[in-house]
Amino acid sequence: MAVLDDGAFVVDGGSCICNNTAGWGGGGLFATDKAHVFVMGAGRVDFNSAFDGAGGGVFVDVNASLMIASGSSVCNNTAGGDGGGVAAYDQAHVTISGTSSVCANNAVNGSGGGVHMEGNASLTITGSSSVCNNTSGGVRRDNDAGGGGVTILGHAQATINSTSRVCANTATNNTGGGVFAGDYARLTIDGGSGVCNNTAGLGGGVAVYNKTLVIISGNSFVCANIAPCGPGGGVVVVDDARLTITDGSRVCKNTAGIGGGGISIFDRAQVTISGTSSVSANNASLSFGGGLNVNDDARLTITGGSSVCYNTASGDGGGVVMYGRAQLTVTGGSSVRYNRGEGGGGISVREQARVTITNASSVFNNTAAGFSGGGVKIDNDAQLNITGGSRV
């Protein structure tokens, strides 16, 4: 079904667009040129295929819009390229609301197993809706592949709010099991929403690349994700990207094989943890940085009574490990506590990295299980400054 030129199409009352096939895009529905598609009232777009293109269920572009509402679903669709469930481009708008779902879709050789957004497109997932159990299998470009649940690229924007979930998705060959955000994209996770139980080679929960901004706020969470062989069990942040975790939000119970059970930060990326937020109970099962791995010229700030706690690494840096010329500031009554690693139970500072603990902040009750530095371990040309009534 194609909807064109300001046209409108409604799937309502339990109706179904099902078991259709397209060679290029939009196995179930294709909408372009300001067209509007409404899937509502338990409507379904299921079991469709775009075997050699994008949007196994729905393809939306050129200012068209798609609304999935009122307990409706886009499920069990397949795309040979991007967007197993939904693919949206060129200022298209997609809204998933009212306990609706995009689930069990597959982007066989592309990114965005559930939803793929690109080219100033916008996505809103709200009202306890979900993007779950989707799979992406492709390697699209040098650094933007994966997005088992959602991919947002090329100035696209996505908001996940009102206790919605991106969960149990898999990026088979690459990054961002739950969400991949890259190329100047913007992602906001708010209102008690979560990215959980996803799997990828790196960035088990969320992968943030190339000058992209991600904000996690309002008691939201990235938890119980896995990067079994790579860094960033919860989140990986790379290439001048920025991540802000605030307002009581948390990155917790994630696992990475190497480097940063909770968060891995590289290549001039910046991460701020503020507003009593936490990075807790993460595990670097085969290596270093149980809570966070901070490398290259990356910057990490922990402020506003926030904490890095109860993390574990099999190597150094139970809480945080620092490499290269990375910088860490712990300020505003924040803490690094109850972490465990082989050396530097709280913080391991290597190479030319620098750590400042200031403004009544603390590093305490950490454990170095095998080597030195229960609180902080300092190697090579690294620096540690403790000021402003802080304590280690």
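It should be emphasised that the depicted structure is a prediction, and the values quoted were computed from it without experimental measurement. (Residues numbered from 1 in each chain as written. Predicted model: local features only at pLDDT ≥ 70, side-chain atom pairs only at ≥ 80, totals over all residues. Heavy atoms only, no water.)

Along the protein chain, the regular secondary structure elements total zero helices and 54 strands. A compact globule built from 392 residues would reach a C-alpha radius of gyration of about 21 Å, and the protein chain, at 21 Å, matches this within 12%. When the backbone C-alpha atoms are referred to their principal axes, the protein chain occupies close to 65 × 30 × 25 Å. Relative to its 392 residues, the protein chain shows a buried fraction of 60%. Nonlocal contacts in the protein chain, meaning residues at least 24 apart in sequence, comprise 85% of its contacts between residues at least 6 apart. (Helix = DSSP H or I, 4+ residues; strand = E, 2+ residues; numbered from the N terminus. Rg over C-alpha atoms; globule rule 2.2 N^0.38 Å. Buried < 20%, exposed > 50% of the residue type's maximum accessible area, 1.4 Å probe, protein only. Contact = heavy atoms within 4.5 Å.)

On to unusual backbone geometry, then. Positive phi outside glycine occurs at Lys211, with the angle close to 60 degrees. The residue Lys211 is located in the loop between strand E29 (206-208) and strand E30 (213-216) in this model. For Tyr338, which is not glycine, the phi torsion reads 55 degrees and is therefore positive. Position of Tyr338 among the secondary structure elements: in the loop between strand E47 (335-337) and strand E48 (340-341).

Attention now goes to the nonpolar core. Ranked by internal contacts, the top residues of the largest apolar core, which has 77 residues, are Val237, Ile263, Ile265, Leu292, Leu300, Met322 and Ile347. Those residues in contact with Ile263 that lie beyond four places of it in its chain are Val235, Val237, Leu243, Ile245, Val251, Val279, Gly291, Leu292 and Asn293. Counting residues in each nonpolar core, the second largest holds seven residues, with Phe180, Tyr209, Val238 and Phe266 among its members. (Core = buried A, V, L, I, M, F, W, Y, C linked by side-chain atoms within 4.5 Å.)

Looking now at the side chain of Asp46. Mapped onto the elements, Asp46 comes out in strand E7 (residues 44-46). Other than its neighbours up to four places away in sequence, Asp46 contacts Ile17, Cys18, Asn19, Ser73, Val74, Cys75 and Asn77.

Attention shifts here to the packing of aromatic side chains. Per the counting criterion, the structure on display carries eight aromatic pairs. Look at Phe30 and Phe59: their rings are 5.0 Å apart centre to centre, the planes differ by 0 degrees, and that puts the pair in the stacked class. Of the two residues, Phe30 is situated in strand E5 (residues 29-31) and Phe59 in strand E9 (residues 58-60); the sequence distance between them amounts to 29 residues. Across this residue pair, the class does not change: Phe30 and Phe59 are buried. Through a chain of ring-to-ring contacts, the aromatic side chains of Trp24, Phe30, Phe59 and Tyr89 assemble into a single cluster. Cation over ring: Arg391 sits above Phe364, and NZ or CZ is 5.0 Å from the ring centre. (Phe/Tyr/Trp six-rings, centres within 6.5 Å; stacked < 30°, edge-to-face > 60°. Lys NZ or Arg CZ within 6 Å of the ring centre and 35° of its normal.)

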